[in-house]
Amino acid sequence: VHGETLLQDFMERDKPVFLDDLVVEHANMARCDYGFAATAGRRDGMEDALLVHGHLSGDTDDLFGVFDGFGGAAASRLATIAFPRLLAEELKTAARLRASWAQHGLSASLRFAGSGSADFDDGIFKLETEDEAGSDDSTESFQRDYAEFLLRDGGCVLSGAAGAAGAADDAGGVGGADGADGALDAESDAASAATLSTYTNTIAVALSRAFRALADEIGRSTEVPQGCGTTALVAYVVDSLVFVANAGDTRAILRRESERLPVRLSTDHKASEPAEVARVRATGANISCISGSVP
């Protein structure tokens, strides 16, 4: 950003702006300071895009993103516009479901993880009554993805057990009027931990579903030419919780004042990573080098 005047002009905008061919989606960022830098390198033009979106679904959540485009800038620029909308929709569904699960008994929604069963018709994840959660296709598919996430990956694991209790208190009031779940029940540590686990797991599923929806939207867009695409890395910050999701090799790191070296928050999706090779092959696909190119 060149000069204080341009920076102030940028900070006051709440719609996409173009700065040196770098697209930034900005809306109502007030909770924290941030900065950005980018270079096109040897490319003819800038193909990357940054996303900064404050107060995505309430007063205490912000969204940041980096999209490293290739084959042109159309996909990365579309991502900065579409992803906040897609994630906000999934977060609303997640909030409705959490409210419904709490109403019908939180233990029922958690019991599925230990059952080892993939029977989705046993009533645990199917709402028996018509309530504010509704029974639309998006709600039912979210519940199915949530159950599969617990069975396949075991759900989220919070980093830093010592801070779990404080994080649980923060998670209880997320989203203001649009996405609040209400204050967490403080009667027992177990109840708080269970509620926080459900909260973090639904956010993880919401991010995953938003990523898939973004890929579909880019694939359908007539504005994105064949061979054009983008990596995606986002950080969804809610109070003191940070959720990081990525597709591709764009990387997130965390720097703490108390530690000399930064901590990696994401895992690169590239063939030089053994875990990525194993993931690809587990789907029945293969990885190979063509004409001496990198895999």
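Computed from a predicted structure; not experimentally measured. (Residues numbered from 1 in each chain as written. Predicted model: local features only at pLDDT ≥ 70, side-chain atom pairs only at ≥ 80, totals over all residues. Heavy atoms only, no water.)

Draft legend 1. Region of interest: the overall build of the chain. Along the chain, the regular secondary structure elements total 8 helices and 9 strands. Out of the 295 residues belonging to the chain, those deemed buried represent 41%. Looking at the chain alone, contacts between residues at least 24 apart form 62% of all its contacts between residues at least 6 apart. Element-wise, carbon and sulfur atoms account for 51% of the exposed surface of the chain, whose accessible area totals about 16,200 Å². (Helix = DSSP H or I, 4+ residues; strand = E, 2+ residues; numbered from the N terminus. Buried < 20%, exposed > 50% of the residue type's maximum accessible area, 1.4 Å probe, protein only. Contact = heavy atoms within 4.5 Å. Areas by Shrake-Rupley, 256 points an atom, 1.4 Å probe, with all protein chains shown as cover.)

Draft legend 2. Structural detail: the pairing of strand β3 (residues 48–54). With 7 of 7 residues buried, β3 lies mostly within the body of the structure. Neither face of β3 is exposed, since Asp-48, Leu-50, Val-52 and Gly-54 on one face and Ala-49, Leu-51 and His-53 on the opposite face are all buried. Relative to strand β4 (residues 61–70), β3 runs antiparallel, the two sharing 7 bridges. The residue of β4 that forms the bridge with Val-52 is Phe-64. Once β3 ends, the chain turns through 6 residues before running back antiparallel as β4, passing His-55 with a positive phi of about 50°. (Pairing = 2+ DSSP bridges.)

Draft legend 3. Quick peek at the packing of aromatic side chains. In this structure the tally under the stated criterion is 3 aromatic pairs. A ring pair is formed by Phe-83 and Phe-211, whose centres lie 5.5 Å apart and whose planes are at 90°; its orientation type is edge-to-face. You can see Phe-83 sitting in helix α2 (residues 74–104) and its partner Phe-211 sitting in helix α7 (residues 189–220), a full 128 residues away along the chain. According to the relative accessible area criterion, Phe-83 is buried, its value standing at 0%. Measuring from centroid to centroid gives 6.3 Å for Tyr-236 and Phe-243, while their planes differ by 35°, and the two rings are tilted. Accessibility expressed as a relative area gives 10% for Phe-243, which makes it buried. In textbook terms, an aromatic cluster arises when at least three aromatic residues are bridged by ring pairs, as seen for Tyr-199, Tyr-236 and Phe-243. (Phe/Tyr/Trp six-rings, centres within 6.5 Å; stacked < 30°, edge-to-face > 60°.)

Draft legend 4. Broad picture of unusual backbone geometry. The backbone phi angle of His-55 is positive, close to 50°, even though this residue is not glycine. As for its placement among the helices and strands, His-55 is situated in the loop between β3 and β4. On the accessibility criterion, His-55 (24% relative accessible area) is partly exposed. Here Asp-239, not a glycine, exhibits a phi torsion of approximately 50°, which is positive. Take Asp-239: it is sitting in the loop between β6 (232–238) and β7 (241–247).

Draft legend 5. Inspection of the environment of Thr-195 at higher detail. If you trace the backbone, Thr-195 turns up in helix α7. In this structure, the C-alpha to C-alpha distance between Thr-195 and Ala-102, residues 93 residues apart in sequence, is 8.8 Å.

Draft legend 6. Highlighting the environment of Gly-58. Looking at the element boundaries, Gly-58 is found in the loop between β3 and β4. The class for Gly-58 is buried, based on a relative accessible area of 11%. Along the chain, Gly-58 and Val-238 lie 180 residues apart, while their C-alpha atoms are 9.5 Å from each other.

Draft legend 7. Expanded view of the pairing of β6. Most of β6 sits inside the fold, with 7 of its 7 residues counted as buried. Judged by which residues are buried, β6 turns out to be covered on both faces: Ala-232, Val-234, Tyr-236 and Val-238 on one side and Leu-233, Ala-235 and Val-237 on the other are all buried. Bridging between β6 and β7 involves 7 bridges; their strand directions are antiparallel. The partner of Tyr-236 across the bridge, within β7, is Phe-243. Linking β6 to β7, which pair antiparallel, is a turn of 2 residues; within it Asp-239 sits at a positive phi near 50°.

Draft legend 8. View of the nonpolar core. With 39 residues, the main nonpolar core has Phe-83, Leu-87, Leu-207 and Tyr-236 as its most contacted residues. Put simply, the parts of the chain that give this core at least two residues each are β4, α2, α4 (137–153), α7, β6 and β7. Discounting chain neighbours no more than four positions away, the residues touching Leu-87 are Leu-56, Leu-63, Ala-206, Leu-207, Ala-210 and Tyr-236. (Core = buried A, V, L, I, M, F, W, Y, C linked by side-chain atoms within 4.5 Å.)

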